[in-house]
2 protein chains.
Amino acid sequence: MEGKVISTTVGLDRVQVTDGFWKKEIALVRDTVIPYQWEALNDRVADAQPSYCMHNFKAAGSINQRLEHEEGYVQPVFTTNGFCVWPEQQKVQDEKFYGFVFQDSDFAKWIEAVGYILQQYPDAALEAVADGAIDIVCSAQQPDGYLDTFYIINDISRRFTNLRDHHELYCLGHLIEGAVAYYRATGKKKLLNAACRYADCVAAHIGPEEGKLHGYPGHEIAEMALAKLYEVTGEEKYRDLGLYFINERGKKPYYFDSEHPENADKEEDGQKLRYHYHQAHLPVREQTEAVGHAVRAVYLYSGMADFAGLIADEALKDTCGRLWDDIVQRKLYITGGIGATHLGEAFSFAYDLPNDTAYAETCASIGMIFFAQRMLKLCPDSKYADIMERELYNIVLGGMGLDGTSFFYVNPLEVVPEACHNDSRKEHVKPVRQKWFGCACCPPNLARLISSIGSYVFTETDDTIFVHLYMGTHMEKQLKSGTARIDIQSGFPWNGNVTIQVACDVQETFTLALRIPDWCRQYQLTGIDSAASSSCQQEEKGGYLYITKVWHSDTLQIEFPMDIQVIEADSRVRETIGKVAVQRGPLVYCLEEADNGKDLHLLKIDEDAVFETHRMQIATESVVAVKAQGWRQQAASKNQLYFAHERARYERATLTWIPYYAWANRGEGEMQVWTRC
Amino acid sequence: MEGKVISTTVGLDRVQVTDGFWKKEIALVRDTVIPYQWEALNDRVADAQPSYCMHNFKAAGSINQRLEHEEGYVQPVFTTNGFCVWPEQQKVQDEKFYGFVFQDSDFAKWIEAVGYILQQYPDAALEAVADGAIDIVCSAQQPDGYLDTFYIINDISRRFTNLRDHHELYCLGHLIEGAVAYYRATGKKKLLNAACRYADCVAAHIGPEEGKLHGYPGHEIAEMALAKLYEVTGEEKYRDLGLYFINERGKKPYYFDSEHPENADKEEDGQKLRYHYHQAHLPVREQTEAVGHAVRAVYLYSGMADFAGLIADEALKDTCGRLWDDIVQRKLYITGGIGATHLGEAFSFAYDLPNDTAYAETCASIGMIFFAQRMLKLCPDSKYADIMERELYNIVLGGMGLDGTSFFYVNPLEVVPEACHNDSRKEHVKPVRQKWFGCACCPPNLARLISSIGSYVFTETDDTIFVHLYMGTHMEKQLKSGTARIDIQSGFPWNGNVTIQVACDVQETFTLALRIPDWCRQYQLTGIDSAASSSCQQEEKGGYLYITKVWHSDTLQIEFPMDIQVIEADSRVRETIGKVAVQRGPLVYCLEEADNGKDLHLLKIDEDAVFETHRMQIATESVVAVKAQGWRQQAASKNQLYFAHERARYERATLTWIPYYAWANRGEGEMQVWTRC
């Protein structure tokens, strides 16, 4: 199987989201998250750690204007988690850098979300704010195109000396993503040009030629961003730079050793952590297991999938397939969470999926959606879209509070608030969403994903439209002789009724390929009478129903019954043995203390019980909840910790599940996804 | 109830261990551990981290001789875990300090074990080695009595400036314990005098008087050591110093803040960790919960119990009782392990007892035995002796390999080797015992406990002998008019048959108080015909059977049936819900991969099964194993991680349990104490 692209993305220029459920989410991003983020970028959110992001750009711009560095420069110091602080308290209005080395990317993620929103909802006021921000950012750019405020402010002579840890190439990647989105929305090229100039500057210093650094990013993303920049500009130099990063990665002697010779002779264990963490332990085409920092990993794999298609590289595509399967078959929580351990925010070993200490970072699930979309383009197999849907309706939706101003970085599958507060092994697990983070990757990442969600619904070939997600949308496709307008209406995630209206101004044959979700055993299609029309062909292939016919004005109805499903995990997952989870349609469910009382570990599912749905209001959201008769084990307590076992006694209890994404919107309480049966 | 001492210790001068099981353990300490430790103290164990302990004493002694410090002194650096290293590789034969700041205590624990061994097994060659070591140690002592090589070598002007972290008082405590043991064994006073002089030096610098430091130890042990030194020397100044440490602890403003003003204004969270870790968060009499570093905690509580008795302090005694109950009712593993989290080697919150990430340090269980013995002296309640027995037969025995040269620092209740190797959250959990540790607290602590085990069997009053542990022993008690000789023979831990022979050279009334173990519902006593002799009184009280009569030449037989018991935990322990453990007599049992195959999590106990015992050979040990028919859940695996739940299928399996203490003596494999039922 060649690595070539089978289908291509259908972007926001041709897709409008009309779906009630998702319009509400997008409106939350537009009306709440983006304004809130802008305040955060400017350090104006009370009770939240300052971002310093816009300050840093201003400081760098101001330094640029003076064209010389301050006298008596003092080195900053770094906290153990890499946050830059200054020896003594100084005013933010000075010309110093504050925050994480990757703080520039906060702006880039924000402008990317702004771009997606403006493309769908023109807004002159927001555009003016964005243009102002772009002016500030561009004022920081150096004459040779360099644009990373950490080094511009601190010591530009040391730039590109620590690709492993200092995120210059990560910031480049995000800048490109943001610039492309803003350009597509507004047609304005100022930021896009700045991103191109920064990429040119990087290419002038890093590459295969003698005298250049033979390096690659410590935190991947530039790979997929450069693929996109190539797509937008058509400039092969950007494709070549991204491909260089991919091909150079993991070669021996390790580039990171030449940067960090003090570590080069460390013992094997340290090396393992060091290189695996960055997915730089092996040349990428030799990698077979998803390892290390989960966000970095899936960002890299997304870039690899991009380039597998761009250069039709079969080995690269096969590698992506192997890594995908390793994640999905061995390292994925039922919610879609990946990265089981907080140590290194990393993948743990196969089948190690603890529920209460899970890391499962929101950004990693977003990265998994990027990866899925790219795999779909290479290979229209519904297994990729199934995971995209799982990530979207569970981790992504759950990563943001229903208020739009609180966020989860970590997405556990079991929470006992007392443990989060008292057990430092669970310090990373928060029982309620937080306002903002010093390391604010997740909230803006959520914003850019949700605001661009329409672009994940379809991919297309010349004669086929793939429908990967069932979401109310309007899209238009240019045919050979005319235009097809596709309108989808969907009851997702609450019911599986989907209506697809096709209106063609010409009569032309093309194919609609409709994904059959993995959770749906029997679907029902009406509105197409294939018997009546010998020219209508239906075929199921790779999890898609291909309907090929001459379309004119057709209305299909397809129903994917959302039965309540009781799910178990592979028995190699030790943490879920003897336990089951509830799923309905794309939604994974959970028990919350608010509905089921304390001590959720005492609850037990009755395997013969009838599961029923009902509507429930959670904050601003009306959700479909699930209810079943089950059992509550009677507490056994005898004024001593251990005593002779007696057969457990149970009393009847009604168990009520709510969608996982809606948890922790009613104050602090216990939650669990997996329940004993 | 007053805090006064009810009964007193019966030391090794009056108890000989004759028990086959325990003589073998003691012989292991005598013939293997002590020689091995001596090699370790002298950095002669291949493949083990050097101790540097004797080197440091030699270096300090050599500096003493020159009476001046070297020119061009270079500051050492510390690794993140507090290990002292030097900027460049230097020969050990120099005059520098190496290792942890508390490295001196390695010698002290060794000499303590040597003392206990020599008291029972005179050995001129060993005594000569010990005397030589003592000469080296004493050569390091300063003219004013100061004796801590870290500061003698590095910068004596800075001594007593970091009581919180730098273990000078911890080393004092261990030195006293070692010196007393060696003095009791040999009558030689050189080391005892050195310990007294060091205590005098400390008292000259720390105490209530103006101009002295109002401090106390960061790592407790000096308290109970000073109580012992007072007992041996009769010098009240040692009692006063120990009591000062206890009374001063936790007072505000915190002494540790005056030492570490840079931390004094840190936020509440940091303070909590800082003070709770050292049990210095509150004055000791106000403490109600066992918190912080578990070894430090139980060493402190032991010292508090000592002083509660010494000064008849009821409040102190009540505090000890409260803290005891908090541990035993809420924070104790079934094996006796305490300190559930490796972060801070500390107690976690109530009922938080995870099996696979347990810390449960060997030293903490040893400290719990110290605490139990002292509580028994204050209050002859069998609940203290029950825990002493639980610690002894499970964690203490299990802390050492059957070879006597490998040791567990951490004692988990569930091990999957793959997880230990691949999951950094379990880095502290070792699937097999280790040769030696840089921080070598546990092996020498085991040696001193096992070699003195005879002194834990009895306590006594004028007219009562309490038997707390059933162990083959010979002891003599001076009566008013003659001597009673008590001989105990015991089948523990394999059967509950105990024979007690009493031989008196006079006819005098006294009481034997025999502990009724908590695991024994019905015992049978023969050999005493209380009906025939109206002068024989039997009474059960506080878990002891008090037998009062005129003894002459009597043989009692008492049988404590060792039924196999299936045990459950309080249902607030989330990690053991739906699971049970097997116990027989004092032994907790576990399943090992060697007997039960891989994937122990798939096994299930049949609640109706008959449990049977059989003999099994494990390395050098013949143990009583337990067998029962149970179930193995059929592996569920469908080439995808999650799938529709089907009622689990089980196949018959024979489950074989071995005593927990004997685990990990047959190579690396899975182990679990708690099994599903």
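Here the residue index of a chain counts from 1 through its sequence in written order. Chains carry letters and ligands carry numbers; both start at the beginning, A for chains and 1 for ligands, and go up in the order they are written. Residues qualify for local features only when their pLDDT is at least 70, as the model is predicted, and side-chain atom pairs are given and counted only at 80 or more; totals for whole chains, interfaces and linings, by contrast, use all residues. Hydrogen atoms and water are omitted, and side-chain values are computed over all heavy atoms in the structure.

1. Quick notes on the interface of chain A and chain B
Note: interface size is frequently given as the accessible area lost on complex formation between the parts.
Phase 1: Contacts: residue pairs with any heavy atoms within 4.5 Å of one another. Opposite the 65 residues of chain A that make contact, chain B presents 65 residues.
Phase 2: Once two parts are joined, some of their accessible surface, as seen by a 1.4 Å probe, is lost; buried area is that loss totalled over both. For the pairing of chain A and chain B, the buried interface totals around 5200 Å² over both sides, and the portion due to carbon and sulfur atoms is 50%.
Phase 3: By convention in these notes, a salt bridge is any Lys or Arg side-chain nitrogen within 4 Å of a carboxyl oxygen on Asp or Glu. Along the contact surface separating chain A from chain B lie ten salt bridges.
Phase 4: In this structure, B:Asp608 engages A:Arg647 in a salt bridge whose closest nitrogen and oxygen atoms are separated by 2.6 Å.
Phase 5: Here a polar contact is recorded for every N or O atom pair within 3.5 Å, except that within protein the pair must consist of a potential hydrogen donor and a potential acceptor, and residues adjacent in sequence are included only if both atoms are side-chain atoms. Taken together, the connections running from chain A to chain B amount to 38 residue pairs in polar contact (both at pLDDT 80 or more).
Phase 6: Helix and strand definitions here come from DSSP, where helices need a minimum of 4 consecutive H or I residues and strands a minimum of 2 consecutive E residues; each element is numbered from the N-terminal end. For the side of chain A that touches chain B, the secondary structure elements donating two or more residues are helix H14 (314–330), helix H17 (417–422), strand S15 (564–569) and strand S21 (642–644) of chain A.
Phase 7: Looking at which element gives the most residues to the side of chain A that touches chain B, the answer is S15(A), with four residues.
Phase 8: When residue character is reported, Ala, Val, Leu, Ile, Met, Phe, Trp, Tyr, Cys and Pro are called nonpolar, Asp, Glu, Lys and Arg charged, and the others, Gly included, polar. Taken together, the residues that form the side of chain A that touches chain B break down as 28 nonpolar, 15 polar and 22 charged.

2. Concerning the pairing of strand S15 (residues 564–569) of chain B
Within a regular strand, side chains alternate between the sheet's two faces.
Phase 1: For two strands to count as paired, DSSP must find a minimum of two bridges between them. Pairing of S21(A) with S15(B), which is carried by three bridges, proceeds in the antiparallel orientation. Bridge pairing links A:Ala644 to B:Ile567 in S15(B).

3. Thoughts on the packing of aromatic side chains
All names here are of chain B.
Phase 1: In this scheme Phe, Tyr and Trp rings, the latter by its six-membered ring, pair at centre separations within 6.5 Å, and the angle between planes marks the pair as stacked below 30 degrees, edge-to-face above 60, and tilted otherwise. For the coordinates displayed, the defined rule picks out 74 aromatic pairs over all chains.
Phase 2: One Lys or Arg, Arg239, reaches over the ring of Tyr230 and ends 5.5 Å from the middle of that ring.
Phase 3: Between the NZ or CZ atom of Lys541 and the centre of the ring of Tyr546, over which it lies, the distance is 4.7 Å. In this scheme, Lys NZ or Arg CZ marks a charge over a ring once it lies within 6 Å of the ring centre and within 35 degrees of the ring normal.

4. Some points on the relation of the copies chain A and chain B
Phase 1: The operation relating chain A to chain B is a screw motion whose rotation component is 180°, with 0.0 Å of axial translation and a residual RMSD of 0.0 Å. In symmetry terms, the pair is related by a two-fold rotation axis. No C-alpha of chain A lies nearer the rotation axis than that of A:Arg425, which sits 4.3 Å from it.
Phase 2: The fraction of interface residues of chain A whose copies in chain B are also interface residues reaches 100%, indicating that both copies meet through the same surface. To line up the copies, we fit them by least squares on C-alpha atoms, keeping just the residues with pLDDT of at least 70 in both.

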